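The residues making up each chain are set out below.
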Amino acid sequence: MHDRIFAGVTLLLCCILGFFAWSYSAPFSYEPVGPKAFPLLLLLLIAFGCLQLLLQPAGDVQGEEPPLNREVMVKALVFLGLMIGYAVLFESIGFIPASVLFGIGMARLYGGSWLHSLISGVVLAIGLYLLFDKALAVPLPLGILLSLES
């Protein structure tokens, strides 16, 4: 029941924030999709997650929440370190290398093998770069891969 209450409140907040984000217009725009596309897409994803929580059958429990022990705390701190590292490295080494490192770290954190982590990190980084840079025309820093740009 707590999940459904949380999902309902979050869905309501998504609707309210979506209403405000829809009418947002910045005095400047450096990308074709504009500054409101990212928050709207993010709110849409959150809303879909909330709908999934609200519509799942009552007996469909995914399991007990893990206890807050040393292992969970270490994983949380490693995740925090990966996020800080990604933010620090994003501009200096570029989007693709920073995203590859972040993807490998996250996959390893959740138990992926080195090979699968490497493949998923590379595919995710290149796929997201192509989506944002080529399809949405959102400029991303190439960093150390700047010489590959044509």
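Residues numbered from 1 in each chain as written. Predicted model: local features only at pLDDT ≥ 70, side-chain atom pairs only at ≥ 80, totals over all residues. Heavy atoms only, no water.

**Q** Describe the overall build of the protein chain, and please don't skip the residues or the numbers.
**A** A count of helical and extended segments in the protein chain gives five helices and zero strands. Listing the helices and strands of the protein chain from first to last along the sequence gives α-α-α-α-α. The buried share of the protein chain, reckoned over its 150 residues, is 23%. Sequence-distant contacts in the protein chain: of pairs separated by 6 or more residues, those separated by 24 or more amount to 60%. (Helix = DSSP H or I, 4+ residues; strand = E, 2+ residues; numbered from the N terminus. Buried < 20%, exposed > 50% of the residue type's maximum accessible area, 1.4 Å probe, protein only. Contact = heavy atoms within 4.5 Å.)

**Q** Account for the environment of Val123, with residues named and values stated.
**A** Positionally, Val123 belongs in helix α5 (residues 114-135). Separated by 23 residues in the primary sequence, Val123 and Val100 place their C-alpha atoms 8.3 Å from one another.

**Q** Account for the pattern of salt bridges, naming residues and giving values.
**A** Applying the stated criterion across every chain, the model contains one salt bridge. Its salt-bridge partner being Lys134, residue Asp133 comes within 3.2 Å of it at the nearest N-O pair. (Salt bridge = Lys/Arg side-chain N within 4 Å of Asp/Glu carboxyl O.)

**Q** Break down helix α4 (residues 95-109) for me, citing the residues and quoting the values.
**A** Here α4 contains 15 residues, and its C-alpha end-to-end distance of 21 Å stays within 8% of the 21 Å for a straight helix at 1.5 Å per residue. Restricting attention to buried positions, one finds in α4 the residues Phe95, Ile96, Pro97, Ala98, Ser99, Val100, Gly103, Ile104, Gly105, Met106 and Leu109. At its buried positions, α4 is contacted by α3 (70-93) and α5. (Expected span 1.5 Å × (residues − 1).)

**Q** Now, about a nonpolar patch on the surface: what can you tell me, with residues and values included?
**A** On the surface, Ile5, Val9, Leu12, Leu13, Ile16, Leu17, Phe19 and Phe20 cluster together to form a nonpolar patch covering roughly 820 Å² of accessible area. Within the fold, Phe19 resides in helix α1 (residues 2-22). (Patch = residues over 30% accessible without salt bridge, like charges linked within 9 Å, V, L, I, M, F, W, Y side chains within 5 Å. Areas by Shrake-Rupley, 256 points an atom, 1.4 Å probe, with all protein chains shown as cover.)

**Q** Mind laying out the side chain of Ser117, listing which residues take part and the relevant values?
**A** Tracing the backbone through its elements, the reader meets Ser117 in helix α5. The exposure class assigned to Ser117 is buried, which follows from its relative accessible area of 1%. At 2.6 Å, the side chain of Ser117 forms a polar contact with the backbone oxygen of Ser113. If sequence neighbours within four positions are ignored, Ser117 has contacts with Ile104, Ala107, Arg108 and Gly112. (Polar contact = N/O pair within 3.5 Å; in protein donor to acceptor, adjacent residues only side chain to side chain.)

**Q** Mind laying out α3, listing which residues take part and the relevant values?
**A** If you check α3, its first and last C-alpha atoms are 33 Å apart, about what 24 residues at 1.5 Å a residue would give, namely 34 Å. Residue Ala87 marks the point of greatest curvature in α3, where the axis turns by about 25°. Regarding α3, its N-cap is Asn69, as a side-chain oxygen of that residue lies 3.3 Å from the backbone nitrogen of Glu71 further along. Count one or two residues on from α3 and you reach Gly94, which has phi positive near 105°. (Bend = angle between axes of the 7 residues up to and from the residue.)

**Q** Can you explain the packing of aromatic side chains? Please cite residues and give values.
**A** In this structure the tally under the stated criterion is four aromatic pairs. Ring geometry for Phe90 and Phe95: centres 5.8 Å apart, planes at 85°, overall edge-to-face. Owing to a relative accessible area of 6%, Phe95 belongs among the buried residues under this scheme. Cluster of aromatic residues (ring-pair linked, three or more members): Tyr86, Phe90, Phe95 and Phe102. (Phe/Tyr/Trp six-rings, centres within 6.5 Å; stacked < 30°, edge-to-face > 60°.)

**Q** Before we move on, can you summarise the nonpolar core with the specific residues and values?
**A** One finds Phe95, Ile96, Val100, Ile104, Ala125, Tyr129, Leu140 and Leu142 forming the largest nonpolar core, which totals eight residues. Listing elements by their share of this core, those giving two or more residues are α4 and α5. Per element, the largest residue contribution to this core is four residues, and it comes from α4. In this view, Ala125 contacts Phe95, Ile96, Ser99 and Val100; residues no more than four positions away in its chain are not counted. Core analysis: the second largest hydrophobic core is formed by six residues, Leu11, Cys14, Leu43 and Ala47 among them. (Core = buried A, V, L, I, M, F, W, Y, C linked by side-chain atoms within 4.5 Å.)

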